[in-house]
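Observations on the three-dimensional arrangement
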Amino acid sequence: MLTNKLKIRLSLLTGILSWLLFTFFDLYLLFVEKYQLNVNLSEVLPQVFLTTLVVSTLFFYRYTITKADSVNFIDLLWRVFITGLVTTIGSLLIRGFFFVFGNSTITENALTINFLYNILIGLVVIYLVSTFVVWKRLILYQKSKSLIQLWTIFEYSLFASLLFDWFGYEFMSINFNTALIFLCIFALVLSFNLKWIAYLNFKQKWKSILFILLSGIYVFHFLINLLNLAETGLLSINLLDRVFIVSLFVFIILYAGISVLVTLFNLPTSSVFERKLQEAIDFQKLSQSIPAGQNAEQTYDILLESSMSAVFADAAWLEIRQGQDPILITRGITDPTVQDIKHSVKQEHIRNILNYQFNGEYASSRVIGSLNYPDFKSIIAVPVMIQNQQTGALVLLQEVSDAFNREMVDIISTFVNQASISLENFQLIQEAIETERYKEELKIAKSVQKSLLPSEMQHNDRFDILGFSMAADEVGGDYYDVLEPNEGIFNLIIGDVSGKGTSAAFNMAQMRGIFHSLAQKDENPSEFIIQANAAMSRCLEKSSFITAMYFRINTHDNSMAYVRAGHCPGLFYSASSKKICRLENNGLGLGILRNSEYNQYVEEHTISYKPGDLLLLYTDGIVEAKNADNQQFGLEGLEPSLLNHVDEPLEEMKNGIINDLMKFLNGNKLDDDYSLTIVRFK
């Protein structure tokens, strides 16, 4: 498929070749006739190439002049002006040639006159066709189906007139006049499609009038030049005997004349239209101030500037009450003057608005008032409402009396209402941002928590161990881990950080660091928990603490020493007695007491285990989970579940306990993390 650039080049090349061939055959036929040569050459050939010149020129300008929807109207008229200027200069050069050589034999030579006339034909075709294309773009701006149909008929009729001209009808003959009148009727009807004029401002309308008048001067100049050369009687082809060319002249003159008249009549209303357009732009600025990323203060500035522009105010202020200190934004007035004007206002309704006592009764006439103040005589005061509460007041001032009317109040009220909506949206956006920030914090906390938990639990062939943790919507900072400081000795911990969100996750990270540091020393559990409390006390906030349960498993003598720091009691299952023992020794959470008195609350116990025995550690997210009846799962639910699945492999045991918990909840949502650590001795 041909590109637009290639189409332009092909049409330009075709146009140049068409003009050269048209000129060659026209002059050659004239030479044959003059010297009566016996040459069999059709007189239609120049007509054919003239038609080709018109068509190729039309396609060239169709491809180069874009649609009016995407081009400024003044730019289109500028194209007409420039094209007319260039072609008119060429035409003036031809006239200058005859002026200089007017008394010589060269201007009486038929070949010379026809050659220059053919140059003029090329210039006229370029100007008429380019202007025709621009007129088309303007006429079809905001097109309708009926307009497109009418234009299509007119355009096809013009193309038909190109073939009609081959029959050689002279100007003002019956057939010529009939075809011309038919085309002129369509041209007249189409010339009243001038919707584009309404979208010009005052300055652009004056420019358009100037460019269109100049285009009329160009047309007049071309007509004079064509008529002057036709009077010589030496022309082989008279361009004014062509219905197509005369129709274009008429169409261009009609549309130019009507455009100038309509534009002139529209000049007095331009200022009103521009004012309404500016009001619409200001309204759009207010409506888009929050989505555009602007803050409340920028919205206040837009409201103040837009309102002053809309009513031609000399000064204004906007007062917004935020907390104890109101925000005061002024234009053309000082803060002391604002206070003086407030005290000088007589109308009770306006005074109530200024004192934040607006009662909801709004009327245009009641917010307009007069002032007995040296610099200002007129006032408008409009309340700023957010969520049905007055949060501020917009005041506009004029130096002359009775400067404001109800229409102005309606405009200002619209601006204020839109600004209020934008401010409400700003509050909602801020709340949404806070919500999203909180969600991001939860994601971070969950990610931190997950990364801190071991992917594999260290153990030897004397026991199996499994750790599991599931994050709920809120992050509580559950933690479990196991380390082997010496061969056959394993230090195991499970903990739960108080609080929610990222703070809990970072406290959990601190707990992990302390565990990995102290557990390497292979000290007894009581020493570990005392040192851990001292370390955590230095980095935890005063309102935070960590519950934990710490075990030192000795696989050499099948013993297990442990301490409990305020955590949920571990469950120890004896395979021989098939009973569960709760490991409930006393202890305080880490960080609750941050001095040496903490040592008094540390109790260390040691128990022996046998093959088949099992240790279950968990966090409070399991036992404190509640169903729809507000009943907790508790140890009353956990212990029977453990007994039901105690003989299963650890993975199946974990799944069984979790399934029992979910059945108990019966669709109720967990609001805390829950974790399990299961140890089975061999």
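Here the structure is a predicted model, which is why all the values come from computation and not from measurement.

Rules behind the numbers
- One numbering rule holds for all chains: residues counted from 1, following each sequence as written.
- Predicted model: local features are reported for residues with pLDDT of at least 70 only, side-chain atom pairs are reported and counted for 80 or more only, and whole-chain, interface and lining totals are derived from all residues.
- To obtain the side-chain values, all non-hydrogen atoms of the structure were used and water was disregarded.
- Each residue's exposure class comes from its accessible area (1.4 Å probe, protein chains only) as a fraction of the maximum for that residue type: buried when under 20%, exposed when over 50%, partly exposed otherwise.
- Strands here are runs of E lasting at least two residues and helices are runs of H or I lasting at least four, both read from the DSSP assignment and numbered beginning at the N terminus.
- Note on pairing: two strands pair once DSSP finds at least 2 bridges between them.
- For this analysis, residues touch if any pair of their heavy atoms sits within 4.5 Å.
- Only the six-membered ring of Trp is used, alongside the rings of Phe and Tyr, when aromatic pairs are assigned; centres must lie within 6.5 Å, and planes under 30 degrees apart are stacked while those over 60 apart are edge-to-face, with the rest tilted.
- Counting as a charge over the ring demands two things of the Lys NZ or Arg CZ atom: a distance within 6 Å of the ring centre and an angle within 35 degrees of the ring normal.
- Salt bridges, as used here, are contacts in which a Lys or Arg side-chain nitrogen is within 4 Å of a carboxyl oxygen on Asp or Glu.
- Only the contacting stretch of a helix is used when fitting its axis, a line to C-alpha atoms as for every element, and angles between N-to-C directions run 0 to 180 degrees.

Some remarks on the pairing of strand β9 (residues 546–554)
- Burial of β9 is extensive: 8 of the 9 residues sit out of reach of the surface.
- When strand β8 (residues 489–497) meets β9, the two strands line up antiparallel, connected through 9 bridges. The residue of β9 that forms the bridge with Asn491 is Arg552.
- Of the strand pairs in this sheet, β9 and strand β10 (residues 559–565) are connected by 6 bridges, and their pairing is antiparallel. Its bridge partner lying in β10, Asn554 is registered against Ser559.
- A loop of 4 residues connects β9 with β10, the two strands running antiparallel in sequence, and Asn558 in this loop sits at a positive phi of about 55°.

Looking at the side chain of Thr391
- If you trace the backbone, Thr391 turns up in strand β5 (residues 389–398).
- When its relative accessible area of 19% is taken as the criterion, Thr391 is described as buried.
- Once residues lying within four places of it in the same chain are set aside, the contact partners of Thr391 are Glu319, Ile320, Arg321, Tyr356, Val384 and Ile386.

Observations concerning the environment of Gly168
- Relative to the helices and strands, Gly168 resides in the loop between α5 (145–164) and α6 (174–190).
- The class for Gly168 is partly exposed, based on a relative accessible area of 47%.
- Residues Gly168 and Phe358, 190 residues apart in the sequence, show an inter-C-alpha distance of 84 Å.

With respect to the packing of aromatic side chains
- All chains considered together, the criterion is met by 34 aromatic pairs.
- Each member of the aromatic cluster is reached from another via a ring pair, and the members are Trp78, Phe81, Tyr127, Phe211, Tyr218 and Phe222.
- Cation over ring: Arg321 sits above Tyr356, and NZ or CZ is 3.7 Å from the ring centre.

Comments concerning the pattern of salt bridges
- If you walk through the whole model with that rule in mind, you get 9 salt bridges.
- Residue Glu155 is joined to Lys136 by a salt bridge in which the shortest nitrogen-to-oxygen separation is 3.4 Å. Note that Glu155 is positioned in helix α5 and Lys136 in helix α4 (residues 110–139), a separation of 19 residues in sequence. Accessibility assignment for this pair places Glu155 and Lys136 in one class, buried.
- The closest approach of N and O atoms between Glu651 and Lys654, which form a salt bridge, is 2.9 Å. In this pair, Glu651 and Lys654 both sit in helix α17 (residues 650–665), 3 residues apart, roughly one turn of the helix.
- One network of salt bridges, with partners in common, ties together Arg62, Lys136 and Glu155.

Looking at the sheet that holds strand β6 (residues 463–470)
- Pairing is antiparallel across the open sheet formed by 5 strands, whose spatial order is β6-β15-β14-β11-β12. Taken across any chain shown, the strands that pair with only one partner, and hence form the sheet edges, are β6 and β12 (579–583). Each neighbouring strand pair of the sheet contributes to a mean axis angle of 15°, computed without reference to strand direction.
- Note: strand β11 (residues 570–574) against β12, 5 bridges, orientation antiparallel. Its bridge partner being in β12, Phe572 is matched across the sheet by Cys581.
- Contacting β6, β14 (614–618) and β15 (674–681), α17 runs over the sheet at an angle of about 145° to β15.

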